[in-house]
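A structural walkthrough
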Amino acid sequence: MSSINVNQGATIALQMLKDTKDEKDEVQDEVSTGEKVATASDNAALWAVSEIMEGDIVGLEATSQALAIGEAATSVASAGAEQITSVLQDMQQLAIQAQSGTADFAVIEEQLAFKTDQINSIISASQFNGTNLLATDADGNGASSLTVVSSLDRQGSDAPTLSTIQVDSVDFEGSAGFDIDNRTSITDAASAKTALEEINGFLEFAINGAAQLGAKEAQISDQGKFVNDLSDAMVKGQSAIKDAEMEDAATRLAALSAQMQLGTSSLSIANSSPASLSALFG
């Protein structure tokens, strides 16, 4: 039944048009922002999870940077220790040559003194960003190790906690096992034998130190790769929660635009009915 006072068809058409417009606005927001869950009002539960993940992602990025810096500092120290090992091997050969009765002890001692200075120079230069793991004072503040943030750990709804990797310095400056500045000077075959024993001890210290630093460098490197992989996986997970499927959203937007056109046409037709009835009584 038609009525000139209440146009039920127009009311229904208007409501449908409004619903279509609201849905289109939501899809339009997805297309413009690229996110289906941009605010808490879109989906409170998913938004909360996404925000927690966002905090963890930022924390993992900072952890990755800390690991990269720690790896660089350890790598520099490891390279320095390896170079010291190489110089000590040269000193070992010189001390062995001095065992010969025809050796020129003065020349050999001069070469050993030069290589001792070379080692001290390597120790001083083996620093990265103010951290020297071959020195007695590793950071200029009395530290004997380097602490590297290695992971951001979370259990359930608890706040995240930090784990660290400790890299102990290999003290080439003050260790009793590496008192190279006070080694025995070679003046004859007997002193050459004593010097050789000392150099062999220094070499063992340097090899062990280089191995220790190399192992820590590998540990930090592996942890850095893991943290990067973990961060990438978390970014993908957050994207699955928040990001809109752009192809799907674009298709829905086109469909809703067509529905609005049809809705507008339906409303126009519905509005014309009362006018036709009114003409009968004009």
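The model shown is predicted, which means the values in this text are computed figures rather than measured ones.

On to the overall build of the protein. Of regular secondary structure, the protein possesses 5 helices and 2 strands. The secondary structure elements of the protein, listed N-terminal to C-terminal, are α-α-α-β-β-α-α. Counting only residues that meet the buried cut, the protein has 33% of its 282 residues in that class. When contacts within the protein are restricted to residue pairs at least 6 apart in sequence, long-range pairs at least 24 apart make up 77% of them. Per element, the accessible surface of the protein, about 15,900 Å² overall, is 53% carbon and sulfur.

In contact at an axis separation of 10 Å, helix α2 (residues 44-97) and helix α3 (residues 105-125) are set at 170 degrees when each is read in the N-to-C sense. Classed by the angle they form, the pair α2 and α3 counts as roughly antiparallel. Contacts between α2 and α3 involve Gly 80, Gln 83, Ile 84, Val 87, Leu 88, Asp 90, Met 91, Leu 94 and Gln 97 from the former and Ile 108, Gln 111, Leu 112, Lys 115, Thr 116, Gln 118, Ile 119, Ile 122 and Ile 123 from the latter. Looking at the contact of α2 with α3 residue by residue, the classes come out as 10 nonpolar, 6 polar and 2 charged.

This part takes up the nonpolar core. Looking at soluble globular proteins, one finds that nonpolar side chains tend to be buried together. Ranked by size, the top nonpolar core spans 46 residues in total, and within it Ile 84, Leu 88, Ile 119, Phe 172, Phe 178 and Ile 186 carry the most contacts. When neighbours within four sequence positions are excluded, Ile 84 is seen to be in contact with Ile 119, Ile 122, Ile 123, Leu 134, Phe 172, Phe 178 and Ala 206.

Moving on, we get to the packing of aromatic side chains. In total, this model carries 4 aromatic pairs according to the counting rule given. Judged by centre distance (4.8 Å) and plane angle (80 degrees), the ring pair of Phe 172 and Phe 178 falls under edge-to-face. By the burial criterion, Phe 172 is buried, and Phe 178 matches it. Ring plane angle 55 degrees and centroid distance 5.4 Å describe the contact between Phe 178 and Phe 202, whose orientation is recorded as tilted. With a gap of 24 residues between them, Phe 178 in the loop between β2 (161-168) and α4 (189-242) and Phe 202 in helix α4 connect regions that are remote in the sequence.

Below, the discussion takes up the confidence of the model for the protein. Per-residue confidence for the protein averages 82 on the pLDDT scale, and 71% of its residues sit at or above 70. Mean pLDDT across the elements of the protein ranges from a minimum in helix α5 (residues 246-280), with 60, to a maximum in α3, with 96.

Rules of the game
- Residues numbered from 1 in each chain as written.
- Predicted model: local features only at pLDDT ≥ 70, side-chain atom pairs only at ≥ 80, totals over all residues.
- Heavy atoms only, no water.
- Helix = DSSP H or I, 4+ residues; strand = E, 2+ residues; numbered from the N terminus.
- Buried < 20%, exposed > 50% of the residue type's maximum accessible area, 1.4 Å probe, protein only.
- Contact = heavy atoms within 4.5 Å.
- Areas by Shrake-Rupley, 256 points an atom, 1.4 Å probe, with all protein chains shown as cover.
- Axes fitted to C-alpha atoms, helices over the stretch in contact; angles between N-to-C directions.
- Parallel < 35°, antiparallel > 145°, perpendicular 65-115°, else oblique.
- Nonpolar A, V, L, I, M, F, W, Y, C, P; charged D, E, K, R; others polar.
- Core = buried A, V, L, I, M, F, W, Y, C linked by side-chain atoms within 4.5 Å.
- Phe/Tyr/Trp six-rings, centres within 6.5 Å; stacked < 30°, edge-to-face > 60°.
- pLDDT = per-residue confidence, 0-100.

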